[in-house]
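This is what each chain is made of:
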Amino acid sequence: RRHIAMAFEDATLFSASVRVNVLLGRPELDPHSEKGERVMREALQIAQASFVDDLPLGVETVIGEEGMSLSGGQRQRLALARAVAAAPAVLVLDDPLSALDVDTEALVEAALREVLASTTALIVAHRASTVALADRVALLEEGRITDVGTHSELMARNEHYRHVISSLEEKGAVAEQTTEMEVKR
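Okay, so let's go over this structure. In this text, all values refer to a predicted model and were calculated from it rather than measured experimentally. (Residues numbered from 1 in each chain as written. Predicted model: local features only at pLDDT ≥ 70, side-chain atom pairs only at ≥ 80, totals over all residues. Heavy atoms only, no water.)

### So, the overall build of the protein chain
For the protein chain, the count of helices and strands is 7 helices and 7 strands. Scaling as 2.2 N^0.38, a compact globule of 185 residues should have a C-alpha radius of gyration of about 16 Å, and the protein chain matches this with 17 Å. With respect to the three principal axes, the spread of C-alpha positions in the protein chain is 50 × 45 × 25 Å. Looking at the protein chain residue by residue over its 185 residues, the buried ones come to 40%. Here the analysis covers contacts within the protein chain between residues at least 6 apart in sequence; of these, 59% occur between residues at least 24 apart. Taken as a whole, the protein chain presents about 10900 Å² of accessible surface, with 53% of it coming from carbon and sulfur. Across the protein chain, the centroid of the 19 positively charged side chains sits 4 Å from that of the 30 negatively charged ones. (Helix = DSSP H or I, 4+ residues; strand = E, 2+ residues; numbered from the N terminus. Rg over C-alpha atoms; globule rule 2.2 N^0.38 Å. Buried < 20%, exposed > 50% of the residue type's maximum accessible area, 1.4 Å probe, protein only. Contact = heavy atoms within 4.5 Å. Areas by Shrake-Rupley, 256 points an atom, 1.4 Å probe, with all protein chains shown as cover. Lys, Arg positive; Asp, Glu negative; His and termini not counted. Charge placed at Lys NZ, Arg CZ, Asp CG, Glu CD.)

Encoded structure:
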């Protein structure tokens, strides 16, 4: 368990402070020590979770069971911060950015690139931009891996991969349009 950390689309948070939720994977750290504070702040920065400073008690704010007092994107960012703070050898990410807006997602992905440079990651993605984080992509068709390569290699040689990526981009564009329409109302 000390070697693997996970962040999922449906983020699990606990009825505890933001600080405790983020540092849950680092039991050797005193959450209130200088090192605990530094690890927590670095993880929150990578996950673009600065919103925690605007909570009533900042990082000491107790978030309710499952974090229901937070938006989906905020819950995902805290779960991602917890996974990053654990400093795992293997990081499993199952579409943990799905509830983020495009701009925040881009900032998180840029920060994650640094983490992923020294961490093995298994990423399940439903957004083309998240797929681009991977050094190697495995294409699944009907439950079987049918091709493996970089994003660029698969785009060049695999028609089905191009179809999957274009459909992901179309879904993303529709989601952006829907969000814009909701905001304009």
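Read on, since the account is not over.
### Observations concerning the layout of surface pockets
Taken as a whole, the largest pocket encloses approximately 830 Å³ of empty space. Taken together, 29 residues line the largest pocket, and the ones lying closest to its centre are Ile123, Val124, Ala125, Val137 and Ala138. Going through the elements one at a time, α4 (102-116), β5 (120-124), α5 (128-131), β6 (137-141), β7 (144-149) and α7 (159-184) are the ones with two or more residues in the lining of the largest pocket. The greatest single-element share of the lining of the largest pocket, amounting to 6 residues, is contributed by α7. Residue composition of the lining of the largest pocket, grouped by class: 20 nonpolar, 5 polar and 4 charged. The computed volume of the second largest pocket comes to approximately 550 Å³. (1 Å grid on protein atoms, 1.4 Å probe; cavity = no way out; pocket = protein on both sides within 12 Å on 5 of 7 lines; lining within 4 Å. Points joined across faces, edges and corners; volume = space filled by probe spheres on them. Nonpolar A, V, L, I, M, F, W, Y, C, P; charged D, E, K, R; others polar.)

### So, the sheet that holds β5
Taken in spatial order, the 3 strands make up an open sheet running β1-β4-β5, and their pairing is parallel. Two strands lie at the open edges of the sheet, namely β1 (4-8) and β5, each paired on one side alone. With direction set aside, neighbouring strand axes in the sheet form an average angle of 10 degrees. Contacts from helix α3 (residues 72-85) reach β1 and β4 (90-94) within the one sheet, and its direction differs from that of β1 by about 170 degrees. (Pairing = 2+ DSSP bridges. Axes fitted to C-alpha atoms, helices over the stretch in contact; angles between N-to-C directions.)

### Quick look at the pairing of β4
Relative to β4, β1 is paired through 5 bridges, and the arrangement is parallel. Within β4, the residue paired with alanine 5 across the bridge is leucine 91. Looking at chain direction, β4 and β5 are connected through 5 bridges and run parallel. If you follow valine 90 over to β5, its bridge partner there is threonine 120. Handedness of the crossover is the feature at issue here: the chain leaves β4, passes through α4, returns alongside β5, and the resulting connection is right-handed. (Right-handed = clockwise from strand over helix to strand, strands pointing away.)

### With respect to the nonpolar core
Of all hydrophobic cores here, the largest spans 37 residues; its most connected members are Val18, Val22, Leu44, Val52, Leu78, Leu80 and Leu112. Among all residues touching leucine 80, those that are not within four sequence positions of it are Ala7, Ala47, Leu93, Leu97, Val108 and Leu112. Among the nonpolar cores identified, the runner-up in size contains 8 residues, and Val131, Val137, Leu154 and Tyr161 belong to it. (Core = buried A, V, L, I, M, F, W, Y, C linked by side-chain atoms within 4.5 Å.)

### A few points about the pattern of salt bridges
The final tally for this structure, using the stated rule, is 7 salt bridges. Of the charged contacts in the structure, one is a salt bridge between arginine 19 and glutamate 37, with a shortest N-O distance of 2.7 Å. One end of the pair, arginine 19, is in helix α1 (residues 18-22); the other, glutamate 37, is in helix α2 (residues 34-46), with 18 residues separating them in the sequence. Here aspartate 147 makes a salt bridge to arginine 157, at a shortest N to O gap of 2.8 Å. With aspartate 147 in strand β7 and arginine 157 in helix α6 (residues 151-157), this pair connects stretches of sequence that are 10 residues apart. Arginine 157 gets classed as partly exposed once you look at its relative accessible area, which sits at 46%. By sharing partners, the salt bridges in this structure join Arg19, Glu37, Arg41, Asp53 and Glu60 into a single network. (Salt bridge = Lys/Arg side-chain N within 4 Å of Asp/Glu carboxyl O.)

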